[in-house]
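So the chains spell out like this:
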Amino acid sequence: MARSPLAALAQLISEQEAVILSDWFQLLAAAGALESGRIREAELRTQCGTFLKGFRMALADGSTDTNTAAYGAVRENLAEISRSRAIQGFSPTETAMFVFSLKEPVFKAVNRADKLGATEIAHLVRQLTLILDALGLYTMDVYQKSREQVIIRQQREISELSTPVVKLWDGILALPLIGTLDSERTQVVMENLLQTIVDQGAEIAIIDITGVPTVDTLTAQHLLKTVAAARLMGADCIVSGIRPQIAQTMVHLGVELNVISKATLADAFAVALKRMSKTVVSVKTVAQG
Amino acid sequence: MDRIPILKLGDALLVTIQVDMHDRLATALEEDLTKKIVAHNAHGVLIDISALEIVDSFIGRMLDNIAAVSRVLDAETVVVGMRPAVAITLVELGLSLAGVKTALNVERGMKLIQRRHHVPQSDTDADPAS
């Protein structure tokens, strides 16, 4: 045999392509790839076909290093597949199994080839394992990266969604905080609040932390920073919505909020109105008076 | 040497900082202001920093110093018109200017000084934060 063993293998796969494909597809189906209904049968068949074809052509080049240009098309194809699986919500195992389950059908095909001796088969199997493992790991890399991107995007959306500054009255702002306060979010919250104070000429800002699940020393520090910055701008801050449990935890932790705090947003609003020499009266009282 | 003008407005002094504050200027302002408070028997000092874009710890300390000196001379210092970015910077520097009163603009700062000076006892709703 003049050609490299891998090129011979490529030839072998090409001869038995239909058998390998159907074996592989059956394995995937048995592993439950189609059960969840996230991918259609035809789509999976196309993916298998495209990958096997690319894989065979890369093998013909005779290299075991999957980082070489010969594997470029295969890697691109795999990246595409695992990206779409990450978004479709496949588990890591299911995604990795796509590549790893190809091993068995190919090994079978190698065994079926009567031209090969035992040593040759062992050698081929070893190299095939190396290549397919590398490709499987590559799939996982892409899968992980895609998932991370999804998480980053969602984080950004959450932080944009959950930091609105609302106007309660002329000169009174409310900042209903929802979710954990980390330093990055504090920055966004602070900038939003301060800019709105300038824009609306607000005198009082109410920071409502009903939606903040836990208040530890760090969160308290972030809150105090926001309050201090608002004070520097000439606006007073009131913190409201501290839940009983959180109040207890804060005291136990020794966290001190040296700001005016009220139990509910309504109480804080009442204080704010009083500060601005305004009051809420019922219509009846006004009519009688 | 450049000096920052200090204007007399009723019984308060108005300082508008419109140039970049360098350290010599800041020291000069502190000195001038102290003299003027005594000369005009002023009861309030308004420092308008709405044009100030950059602050450092020195300027922050200068504001604190001015406030402390004025308090000794029975004048109240109000810093007005601080920009959001400046406020954030000062907080990050750990300077919360605890001894300084603040207001959003000159008008409100003036009101603050007048209210405290003319009717110091009527404010029953004592503010625990200040």
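Up top is the structure.
First, a word on what this report is: a plain description of the structure on this page. (Residues numbered from 1 in each chain as written. Chains lettered and ligands numbered in written order. Predicted model: local features only at pLDDT ≥ 70, side-chain atom pairs only at ≥ 80, totals over all residues.)

**Considerations on the overall build of chain B**
Move 1: Counting its secondary structure elements, chain B contains four helices and five strands.
Move 2: Secondary structure elements in chain B, listed N-terminal to C-terminal, are β-β-α-β-α-β-α-β-α.
Move 3: For chain B, the residues scored as buried account for 38% of the 130 residues in total. (Helix = DSSP H or I, 4+ residues; strand = E, 2+ residues; numbered from the N terminus. Buried ≥ 20, exposed ≤ 12 C-beta atoms within 10 Å, placed from the backbone.)

**Considering the overall build of chain A**
Move 1: From N to C terminus, chain A includes 12 helices and five strands.
Move 2: Taken over 289 residues, chain A has a buried fraction of 30%.
Move 3: In chain A, the proportion of contacts linking residues at least 24 apart, taken out of those at least 6 apart, comes to 75%. (Contact = placed C-beta atoms within 7 Å.)

**Remarks on the sheet that holds strand β1 (residues 166–169) of chain A**
Strand pairs in the sheet, formed through backbone hydrogen bonds, run parallel or antiparallel to each other.
All names here are of chain A.
Move 1: Overall, mixed pairing links the five strands, which are arranged β1-β2-β3-β4-β5 in an open sheet. At either end of the open sheet lies a strand with only one pairing partner, and these are β1 and β5 (260–262). On average, each strand axis in the sheet is inclined to that of its neighbour by 30°, with strand direction left out of account.
Move 2: In terms of strand pairing, strand β3 (residues 204–211) meets strand β4 (residues 236–240) through five bridges, oriented parallel. The partner of Ile206 across the bridge, within β4, is Ile238.
Move 3: Helix-sheet contacts for helix α8 (residues 183–200) involve β1, β2 (172–178) and β3, and the interaxial angle to β2 is about 165°. (Pairing = 2+ DSSP bridges. Axes fitted to C-alpha atoms, helices over the stretch in contact; angles between N-to-C directions.)

**A look at the interface of chain B and chain A**
Move 1: Taken together, the 16 residues of chain B in the interface contact 18 residues of chain A.
Move 2: Looking at the side of chain B that touches chain A, the elements that each hand over two or more residues are α3 (84–92) and β5 (101–103) of chain B.
Move 3: The dominant element in the side of chain B that touches chain A, judged by the number of residues it contributes, is α3 of chain B, at five residues.
Move 4: Residue composition of the side of chain B that touches chain A, by class: 12 nonpolar, two polar and two charged. (Nonpolar A, V, L, I, M, F, W, Y, C, P; charged D, E, K, R; others polar.)

**With respect to the nonpolar core**
Move 1: Grouped together as the largest cluster of nonpolar side chains are 72 residues, with contacts concentrated most on Ala205 and Ile206 of chain A together with Val45 of chain B.
Move 2: Among residues more than four places away in sequence, those in contact with Ile206 of chain A are Leu173, Ala174, Leu175, Ile238, Ser240, Leu265, Ala268, Phe269 and Ala272 of chain A.
Move 3: Formed by 28 residues, the second largest nonpolar core is a distinct cluster that contains Leu52, Phe55, Val74 and Val106 of chain A. (Core = buried A, V, L, I, M, F, W, Y, C linked by C-beta atoms within 7 Å.)

**A few points about the sheet that holds strand β2 (residues 12–16) of chain B**
All names here are of chain B.
Move 1: Strand order in the open sheet made by the five strands is β1-β2-β3-β4-β5, with mixed pairing throughout. The two strands at the open ends of the sheet, each matched to only one other strand, are β1 (6–9) and β5. Within the sheet, the average angular offset between the axes of one strand and its neighbour, ignoring direction, is 25°.
Move 2: The pairing of strand β3 (residues 44–48) with strand β4 (residues 76–80) spans five bridges and is classified as parallel. Looking at the pairing, Leu46 lines up with Val78 of β4.
Move 3: Sitting on the sheet, helix α1 (residues 23–40) touches β1, β2 and β3, and the angle it makes with β2 is about 160°.

**Some thoughts on α1 of chain B**
Residues and elements named next belong to chain B.
Move 1: The terminal C-alpha atoms of α1 lie 26 Å apart, and with 18 residues this matches the ideal 26 Å at 1.5 Å per residue to within 8%.
Move 2: Listed as buried for α1 are Ala26, Leu29, Leu33 and Ile37. The arc that holds the buried residues of α1, viewed along the axis, is 60°, so those residues lie on one side. Seen from the buried face of α1, the exposed residues on the opposite side, beyond 90 degrees, are Arg24, Glu31, Lys35, Val38 and Ala39.
Move 3: Structurally, α1 contributes buried residues whose contacts are with β1, β2, β3 and α2 (57–72).
Move 4: Where α1 terminates, the next one or two residues include Asn41, which has phi positive at roughly 50°. (Expected span 1.5 Å × (residues − 1). Arc of directions from axis to C-beta.)

**Some points on unusual backbone geometry**
All names here are of chain B.
Move 1: Although it is not a glycine, Asn41 adopts a positive phi angle of roughly 50°.
Move 2: Of note, Asn41 is situated in the loop between α1 and β3.
Move 3: Its 10 C-beta neighbours within 10 Å are what place Asn41 among the exposed residues.
Move 4: The phi dihedral of Leu97 falls on the positive side, at around 50°, and the residue is not glycine.
Move 5: Examined against the element boundaries, Leu97 turns out to sit in the loop between α3 and β5.
Move 6: The exposure class assigned to Leu97 is buried, which follows from the 21 C-beta atoms found within 10 Å.

**Quick word on the pairing of β2 of chain A**
Residues and elements named next belong to chain A.
Move 1: Within β2, five of the seven residues are buried, which leaves the element mostly enclosed by the surrounding structure.
Move 2: Pairing between β1 and β2: three bridges, direction antiparallel. Pairing of Trp169 across the sheet is with Ile172, part of β2.
Move 3: The antiparallel hairpin formed by β1 and β2 contains two residues in its connecting segment, where Gly171 sits at a positive phi of about 85°.
Move 4: Sheet analysis places β2 next to β3, joined by six bridges and oriented parallel.

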